There are 2 protein chains.
Amino acid sequence: MNSTVDPVLTYISAHERDFVDDLREFLRIPSISTESRHAGDVRRCAEFVAEDLRRAGLQGVEILPTAGHPAVYAEWLGAPGKPTALIYGHYDVQPVDPENLWNSPPFEPTERDGYLYARGASDDKGQIHLHVKAVESYLRTLGRLPINLKFIVEGEEEIGSEHLPALIRAERERLKADFVLVSDTAMFGRGQPSICYGLRGLAYWQIDLVGPNSDLHSGFYGGAVANPAEVLCDMLASLKDDKGRIRVPGFYDDVREITATERAEFARLPHDDAEFRHSIGVAELFGEAGYSTLERMWTRPTLEINGIWSGFTGEGSKTVLPSRASAKLSSRLVPDQDPDRISDLVEAHLRKICPATVTMTFTRMAGAQPVVTPIDHPAVKAAARALERAFGVKPVYQREGGTIPVVATFTDELHAPTVLLGFGLEDDHLHAPNERFLIENYFGGIRTSALLWDELGSR
Amino acid sequence: MNSTVDPVLTYISAHERDFVDDLREFLRIPSISTESRHAGDVRRCAEFVAEDLRRAGLQGVEILPTAGHPAVYAEWLGAPGKPTALIYGHYDVQPVDPENLWNSPPFEPTERDGYLYARGASDDKGQIHLHVKAVESYLRTLGRLPINLKFIVEGEEEIGSEHLPALIRAERERLKADFVLVSDTAMFGRGQPSICYGLRGLAYWQIDLVGPNSDLHSGFYGGAVANPAEVLCDMLASLKDDKGRIRVPGFYDDVREITATERAEFARLPHDDAEFRHSIGVAELFGEAGYSTLERMWTRPTLEINGIWSGFTGEGSKTVLPSRASAKLSSRLVPDQDPDRISDLVEAHLRKICPATVTMTFTRMAGAQPVVTPIDHPAVKAAARALERAFGVKPVYQREGGTIPVVATFTDELHAPTVLLGFGLEDDHLHAPNERFLIENYFGGIRTSALLWDELGSR
């Protein structure tokens, strides 16, 4: 179709193993943004990314400080008159606990059965790295790119991208682009590429209940004093009815119901509940009544316990009436829910149902707007063609249940739509032990990236 | 009243500080029986106790092995024709977590405001040690004791005394006594000595729920898969009604209601709910409707969460849908409840309410029968007189909410009643950070012990 890209594709095929070796170096850095003891590793990782972009031939490479972890910028602007794409990704990763459930160490990338296992392999180091390798493949062969490219790679995505919006505002001119490209999502399935046009938002909280001023002996006091762990269970259990509907007043007020068209399209996607159930090892699925599994994951909001702890959790038995009980909770949000308003509603409801036997602290930890992107933008169409050329299969259009907090900021600050072009798989074990990235998708991603610039530059 | 004991009391007064120094050595040993990494410390502590008994002048000192941690035996049988008392205590202690809430290190005994702070100070090292010091005071002054004494000091009380019943059965002849004396309870209040005639029993369990075969990304899967932490909260919240009554079918079937006399006597005790509330720092008390605070703690069964954990419990936010959720639960039991029957009822009920979205493992961890002791036994009466002589205040008769698993075994195997003579205080922070023992009660306990032998020997 377009022979100018051929040397680039040939270079990619010849260097696949080198690319994987480079990715391993990236994955070895434990850049866990939420754990302060890893702050040095996060910094080191930013420096690695800067050097990686420089080695690929990008220019203007700069580590941009924020009030938290830094972001890395790079550009290649040698195609005047052609479109400009801003590629966004993140080099920070999730914590690794429970570490004992990993089959190989999370920061020693290990190949098994065609997958590369490591924390961050799919989310998001592998997916940002494939774009760097596409750039390298162009610049080492043709000496130029078909369009203008900018990279912004941040270090706080896993903790809610707290300082990125301010950075984007401050750097609005330098980051200006016709569209933003994000590879931080999954393909619909193995061998089935897809373009994602919707993401859920997020609101994340911690609640801490304090009852007695000290842990008490459950024999002496048990029966006469409210147990904060029990109060917490009561409160959390009351947040949903037995059909999975959230009982916080006003929670669903701003939810935009999906259209009949979307519903019909999702129903046509090759999803099988039995297979899905089997893949995660549960005997029965559970979710909000009246919605399919894909609808529940992509288009319905949640209110979920991410962590809970109280009292004695060690080996053996300890007869304690705990002084404190805590939980981490979050909601995935859908258009047009707003994280601040949902946080207000959840906090007000919890304060209302919290009994006088304990005191509650409610801490807001992260928030992100839900987004839906137009699917008729030229970059979206070009991405669809690039995917078909790279994978030999027409992509499907889907939404996704996860959150990329920064996408809403790009919309607001750069007035640029975001194209979500993901190469992960649903069972990559993101945020869990044994995270992995299918190596053939890493290679397919490099080719798709190269072909996308070709598609956009030749028009 | 009885001048032969005067040199003993004089010796006690002259050696108070030496006694405290000796107790500190005992408290420095981290004999945490439930934590396998402390097994060596537990063994070392048994050796310390043996040496301590030997130094006091006791004979036949022997470390008796069990299938778990050993017990220590000692005796003085030089008063033929006089009664024989078996003194029971335990040298093992509870875990210390959360250690960061201790104001001084748990195994560096520290004096503050008349209290000695250390794990085990009151439960039970301080209270077994005071009897050793009473023996020392007799043997160093009069060269003899007024009655025959035996000591059995075990190392597994805090983990349910699993191997002690077998040991008591095997050593039935050597342990034979007219009564058993246990100092492992609290006085009614500071300056108000008491004799305890009832203890609650215990049944302790762990439940583990497993949902998905791995922690899942709460964005991708949230809303479509049951969250084990939420299932656990739902199950636990359903175990009691909003009046604090346990909803496990059959749970109350064997509960012996207290008599009108007991109820009237408890009502006369100088207990004040506002003061009690203040002492533990809660704005409001909570317990089973229809019972007073003392009745709830001493005479009513409980079903309580001792620990709960699931998902991400570290610093910051992690958007995980946890694979597992666990809780430690226990019931304090009252006559005539049986720990095995209650375990059967609780397990059956939990299995019944556990949904198909998770699998549950139910583990039985410890059990102990509740006990009530006759209050007209000569040893009980002698103890009352000894307390009055040592503290200058008439003791009250009370029950207690805690559990001493072995008491039921003594009743069954030795056919000997147990006298519960405690010198702790309700706010000694047992099983909690900053455990302490009032030093004046330690001294008062030594005097009471000496005077009790005097009372019994002079009759």
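This text gives an overview of the structure that appears in the document. (Residues numbered from 1 in each chain as written. Chains lettered and ligands numbered in written order. Predicted model: local features only at pLDDT ≥ 70, side-chain atom pairs only at ≥ 80, totals over all residues. Heavy atoms only, no water.)

Here we come to the packing of helix H4 (residues 121–141) of chain A against helix H15 (residues 439–457) of chain A. All names here are of chain A. Across the interface, H4 lies against H15 with an axial gap of 8 Å and an inter-helix angle of 55°. Classified by the angle between their axes, H4 and H15 sit oblique to one another. Crossing hand, H4 versus H15: right-handed. Mapping the contact onto sequence places Gly-126, His-129, Leu-130, His-131, Lys-133, Ala-134 and Tyr-138 in H4 and Tyr-442, Gly-445, Ile-446, Ser-449, Ala-450, Trp-453 and Asp-454 in H15. Classifying every residue of the contact of H4 with H15 gives seven nonpolar, five polar and two charged. (Axes fitted to C-alpha atoms, helices over the stretch in contact; angles between N-to-C directions. Helix = DSSP H or I, 4+ residues; strand = E, 2+ residues; numbered from the N terminus. Parallel < 35°, antiparallel > 145°, perpendicular 65-115°, else oblique. Left-handed = near helix turned anticlockwise from the far one by under 90°. Contact = heavy atoms within 4.5 Å. Nonpolar A, V, L, I, M, F, W, Y, C, P; charged D, E, K, R; others polar.)

In this assembly, 87 residues from chain A lie in contact with 88 residues from chain B. Carbon and sulfur atoms make up 53% of the surface buried where chain A meets chain B, a total of about 7500 Å² over both sides. When the buried surface of chain A facing chain B is broken down by residue, Phe-220, Ser-317 and Lys-318 of chain A rank first, second and third, together holding 10% of it. Counting every contact that joins chain A to chain B gives two salt bridges. For Glu-230 of chain A, the salt bridge goes to Lys-240 of chain B, with nearest N and O atoms at 2.7 Å. Counting across the interface, chain A meets chain B through 46 residue pairs in polar contact (both at pLDDT 80 or more). (Buried area = accessible area lost by both parts, 1.4 Å probe. Salt bridge = Lys/Arg side-chain N within 4 Å of Asp/Glu carboxyl O. Polar contact = N/O pair within 3.5 Å; in protein donor to acceptor, adjacent residues only side chain to side chain.)

Count 3.6 residues to each turn of an α-helix, and residues three or four apart come out pointing the same way. All names here are of chain A. Between the first and last C-alpha of helix H3 (residues 39–56) there are 26 Å, a value that for 18 residues agrees with the 26 Å anticipated at 1.5 Å per step. Looking at H3, one finds that the buried residues are Asp-41, Val-42, Cys-45, Ala-46, Phe-48, Val-49, Ala-50, Asp-52, Leu-53 and Ala-56. Backbone geometry just downstream of H3 places Gly-57 in the positive-phi region, at approximately 110°. (Expected span 1.5 Å × (residues − 1). Buried < 20%, exposed > 50% of the residue type's maximum accessible area, 1.4 Å probe, protein only.)

Looking now at the relation of the copies chain A and chain B. What relates the two chain copies is a rotation about an axis together with a slide along it. Superposition of chain A onto chain B requires a rotation of 180° combined with a translation of 0.0 Å along the rotation axis, giving an RMSD of 0.1 Å. The superposition of one copy onto the other is thereby described by a two-fold rotation axis. (Least-squares fit on C-alpha atoms with pLDDT ≥ 70 in both.)

Here the focus is the sheet that holds strand S14 (residues 359–368) of chain B. Spatial strand order, S14(A)-S9(A)-S13(A)-S11(A)-S11(B)-S13(B)-S9(B)-S14(B): eight strands in an open sheet with antiparallel pairing. Edge strands, defined here as strands with exactly one partner in the open sheet, are strand S14 (359–368) of chain A together with S14 of chain B. Averaged over all neighbouring strand pairs, the angle between strand axes comes to 15°, with direction disregarded. Pairing geometry for strand S11 (residues 304–311) of chain B and strand S13 (residues 324–333) of chain B, over six bridges, is antiparallel. Paired with Glu-304 of chain B across the bridge in S13 of chain B is Ser-330 of chain B. Sheet strands touched by helix H12 (residues 339–353) of chain A: strand S9 (201–210), strand S13 (324–333) and S14 of chain A. Its angle to S14 of chain A, the strand with the most contacts, is close to 165°. Against the sheet, helix H8 (residues 228–237) of chain B contacts strand S11 (304–311) of chain A together with strand S9 (201–210), S11, S13 and S14 of chain B, and its axis sits at roughly 20° relative to S13 of chain B. (Pairing = 2+ DSSP bridges.)

The values reported here are purely geometric and, on their own, carry no functional implication.
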